[in-house]
Amino acid sequence: MKKTVAIFQAEMKHFFYSPIAYVVIALFTVIVGYFFYSNLSWFVEQQYMDMMRSSQFGGMGRARLNVNLHVITPYFFNVALISLFILPLVTMRLYAEEKKAGTVELLYTTPVSVGNIVIGKWLAGVVFYLIMLAPTVVFNLLLFLYGNPDSLPVLAGYLGLVLFGGAFVAVGLWISSLTENQIIAAIGSFGLSLLLWVISWAAEFSGELLAPVFKYLSIINHFEDFARGILDTQHLAYYLLLISTGMFLTFKSIESSRWKA
Amino acid sequence: MIEVQKLTRYYGETLAIEDVSFQVGKGEIVGLLGPNGAGKTTTMRIITGYMPPTSGTAKINGYDVLEEPQEVKRRLGYLPENPPLYPDLRVSEYLAFVARLKEIPSGEIERAIDQVIEKAALQEVRHKVIGALSKGYRQRVGLAQALLNDPPVLILDEPTVGLDPRQIIEIRELIKALAGEHTVVLSTHILPEVEMTCQRVVIINDGRVVAEDTPENLTTRASGNLRIMLEIQGDGSRATQLIKQMPGVQMVQEQSPEVNGHLKLLVECERDLRSEIARTIVENGFSLFELTAEKYSLEDIFLKLTTQEEVLEE
């Protein structure tokens, strides 16, 4: 446990001692902010036109626009999409850098277990993602300040994002453990994450047998309910399964790399 | 303390080491000596549990490296060929990180770090970022890391690489001071280093152990005959004749005459005949200027052993 914490803390230091962390956080906040702003502007405009129309026709034909449905749900989808692009940049160095710098020799010759390493590093990736998400909470606070959306769906959405991010970090960590080249790690994690995202498309043209499998595998299918503010243990189970699979593969890849070295 | 039995390791198809066996007793300093690529690093990596052998066993304190790696690693300090450093951390942060990996209790970490910083003479750079340090300092941070937790066994892969002469002397003194309480295995291809620091030498060439003994024994054993160098004045051929007749002398060779009329003779004999030769020379009216027994240096032995091996292979 103490060793896991040591690995975790060292990893957090590596993040914040390098300029990458600040660039990534800034970029993420700006892009999420831009998406949020465009979406909100569209929403406000629709609201305004709606008001105009209803005053003209005496309260008739009023569209039902809802902050939760038309701002918050798309917002969570957007954040998930942007995370797909940004998270590989966070996870790429998690293990590849240790291999490149030769510090794996330190890790393997001190009484640290592979489990300590995998959990510590995964945790660091997830906490970094939480730090990335923190500034975006402000955008939602604005909605609460000027409107009255339901708060629980927002919390559910963030829970979904954390699970979604945790899964991508696990996938990225695995890919990073396969190579000592950070660029390859980033491209590989992005490719695999994207594939996990769009694999449901394959369900459209595959047989009855495979279609439900592809649909189940798709990472975004399980995100929908969270974004809408619905908590379903089925989706929770999916993300936990994906996280443990990624960590298990990382574990195996680290163990086997020592035999092949 | 360290028992290495018939270690063999392949990298894919390439044989790195074959049947490497040696033992190191408690408190001993043993040097692994060999040319680059001989298999020193591979052997050390197996002993430290960094990589498994293809076959054979390595035991530390009776714990098998493969079966009880955690127990082995708890008793080990390892300085790899390239010190495993994080360039973005400060020296103190790095050492604190390693201390936690090595299971030093939180309350003792500060003291443990103070100790190794003093041992490796890192006081000046304690709060500096590792990436900004010179090669010599980095090597010492690596050494400090290995010394943390005061492990009974130290495995040091080329500990003096990249240091300046003064630092090399300091590190050698430090390693010598560690003997007794610590068992040390160090690798090097610098011969004087072995002669100065190690009690025993294991010479590895092409993945095999070609010799194992104390530096002194190695030099005397391999030399076989004693070579004596004489500097005299007088008739060279007569002197040669005289010495040749002495029992135990195998060969006398006249070296090229020197400017001031002195002659140099090289005598090879079975045992130490220095006093007999001196008497003969003086009694026969020669002037004796110099008489020295030439020792084979470890360097000669090393070259002899490692080149012989190559000849055999061809």
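Residues numbered from 1 in each chain as written. Chains lettered and ligands numbered in written order. Predicted model: local features only at pLDDT ≥ 70, side-chain atom pairs only at ≥ 80, totals over all residues. Heavy atoms only, no water.

A.B. asks: Mind showing me how you'd approach the sheet that holds strand 1 (residues 2–11) of chain B here?
C.D. replies: The strands that make up a sheet pair up through hydrogen bonds in the backbone, lying either parallel or antiparallel. Residues and elements named next belong to chain B. Taken together, four strands build an open sheet; the order of strands is 2-1-4-5 and the sheet is antiparallel. The strands lining the two open edges of the sheet, one partner per strand, are strand 2 (14–24) and strand 5 (63–64). Inspection of the sheet shows strand 1 paired to strand 4 (residues 55–60) by five bridges, in the antiparallel sense. Of the residues in strand 4, the one forming a bridge with V4 is A58. Contacts between helix 1 (residues 40–47) and the sheet are confined to strand 1, strand 2 and strand 4, with strand 2 contributing the most and set at about 60° to the helix. (Pairing = 2+ DSSP bridges. Helix = DSSP H or I, 4+ residues; strand = E, 2+ residues; numbered from the N terminus. Contact = heavy atoms within 4.5 Å. Axes fitted to C-alpha atoms, helices over the stretch in contact; angles between N-to-C directions.)

A.B. asks: Whenever I open this one, the interface of chain B and chain A confuses me. Can you help?
C.D. replies: The extent of an interface is frequently quoted as the accessible surface area lost upon association of the parts. Contact with chain B, which involves 29 residues of that partner, is made by 27 residues of chain A. On the chain B side of the interface with chain A, the three residues burying the most area are Y50(B), R100(B) and L101(B), jointly 26% of the side's total. Summed over the shared surface of chain B and chain A, the result is three salt bridges. A salt bridge links K3(A) to E103(B), with the nearest nitrogen and oxygen atoms 2.7 Å apart. Seen at the junction of chain B and chain A, the total is nine residue pairs in polar contact (both at pLDDT 80 or more). Those elements giving two or more residues to the side of chain B that touches chain A turn out to be strand 1, helix 2 (69–74) and helix 3 (91–101) of chain B. For the side of chain B that touches chain A, the element with the highest residue contribution is helix 3 of chain B, accounting for six residues. Its residues assigned to classes, the side of chain B that touches chain A shows 15 nonpolar, five polar and nine charged. (Buried area = accessible area lost by both parts, 1.4 Å probe. Salt bridge = Lys/Arg side-chain N within 4 Å of Asp/Glu carboxyl O. Polar contact = N/O pair within 3.5 Å; in protein donor to acceptor, adjacent residues only side chain to side chain. Nonpolar A, V, L, I, M, F, W, Y, C, P; charged D, E, K, R; others polar.)

A.B. asks: Looking at this model, I keep getting lost on the packing of aromatic side chains. Mind explaining?
C.D. replies: We describe a pair of aromatic rings using the distance from one ring centre to the other and the angle between the two ring planes. Residues and elements named next belong to chain A. Across all of its chains, the model carries 19 aromatic pairs over all chains by this definition. On the basis of an interplanar angle of 50° and a centroid distance of 4.6 Å, the ring pair of F164 and F168 is categorised as tilted. Here F164 pairs with F168, and both are found in helix 8 (residues 151–178), just four residues apart, close to one helical turn. Both residues of the pair, F164 and F168, belong to the buried class. A cation over an aromatic ring shows up here: R93 above the ring of F15, its NZ or CZ 5.6 Å from the ring centre. (Phe/Tyr/Trp six-rings, centres within 6.5 Å; stacked < 30°, edge-to-face > 60°. Buried < 20%, exposed > 50% of the residue type's maximum accessible area, 1.4 Å probe, protein only. Lys NZ or Arg CZ within 6 Å of the ring centre and 35° of its normal.)

A.B. asks: What is the right way to look at the sheet that holds strand 8 (residues 183–188) of chain B in this model?
C.D. replies: Residues and elements named next belong to chain B. With mixed pairing, the six strands of this open sheet are ordered in space as 6-7-8-3-9-10. Where the open sheet ends on each side, the last strands, each with one partner, are strand 6 (76–79) and strand 10 (208–213). Averaged over all pairs of adjacent strands, the angle between their axes in this sheet comes to 15°, without regard to strand direction. Of the pairings in the sheet, the one linking strand 9 (residues 200–205) to strand 10 comprises five bridges and is antiparallel in character. Along strand 10, the bridge assignment pairs N205 with R208. Contacting strand 6 and strand 7 (153–157), helix 5 (residues 135–147) runs over the sheet at an angle of about 170° to strand 6. Of the strands in this sheet, strand 3 (29–33), strand 7 and strand 8 touch helix 6 (residues 165–178), which is tilted by about 150° from strand 8.

A.B. asks: Whenever I open this one, the nonpolar core confuses me. Can you help?
C.D. replies: Inside soluble globular proteins, nonpolar side chains tend to come together where they are buried. Residues I219(A), Y94(B) and F97(B) are the most contacted members of the largest nonpolar core, which totals 143 residues. When residues no more than four places from it in sequence are discounted, the contact partners of I219(A) are F164(A), A167(A), F168(A), L196(A), W197(A), Y238(A), Y239(A) and L242(A). Listed in part, the 17 residues of the second largest apolar core include L230(B), V249(B), L263(B) and I281(B). (Core = buried A, V, L, I, M, F, W, Y, C linked by side-chain atoms within 4.5 Å.)

A.B. asks: Before we go on, may I ask you to explain helix 7 (residues 137–146) of chain A in this structure?
C.D. replies: Along an α-helix, residues three or four positions apart point the same way, because every turn accommodates 3.6 residues. All names here are of chain A. Those residues of helix 7 that fall on the buried side of the exposure criterion are F139, N140 and L143. Down the axis, helix 7 shows its buried residues gathered within 95° of arc, on one side only. Summarising the geometry of helix 7, the exposed residues directed more than 90 degrees from the buried face are L141 and L145. (Arc of directions from axis to C-beta.)

A.B. asks: Help me out: how do you make sense of unusual backbone geometry in this one?
C.D. replies: Trans peptide bonds make up most of the peptide bonds, and negative phi angles are found at most residues other than glycine. Residues and elements named next belong to chain B. A positive phi angle, close to 65°, is found at E103, a residue other than glycine. You can see E103 is positioned in the loop between helix 3 and helix 4 (106–119). What makes E103 partly exposed here is its relative accessible area of 30%.

A.B. asks: Just to check I follow, could you spell out the packing of helix 2 (residues 19–56) of chain A against helix 3 (residues 67–91) of chain A for this structure?
C.D. replies: The geometry of a pair of packed helices is captured by two quantities: the angle between their axes and the separation between those axes. All names here are of chain A. Put simply, helix 2 and helix 3 touch, their axes get as near as 10 Å, and they point 155° apart. In terms of orientation, helix 2 lies roughly antiparallel with respect to helix 3. Where helix 2 crosses over helix 3, the handedness of that crossing is right-handed. Contacts between helix 2 and helix 3 involve V24, L27, F28, I31, V32, F35, F36, N39, L40, W42 and F43 from the first element and V67, H70, V71, P74, Y75, N78, V79, I82, S83, I86, L89 and V90 from the second. (Parallel < 35°, antiparallel > 145°, perpendicular 65-115°, else oblique. Left-handed = near helix turned anticlockwise from the far one by under 90°.)

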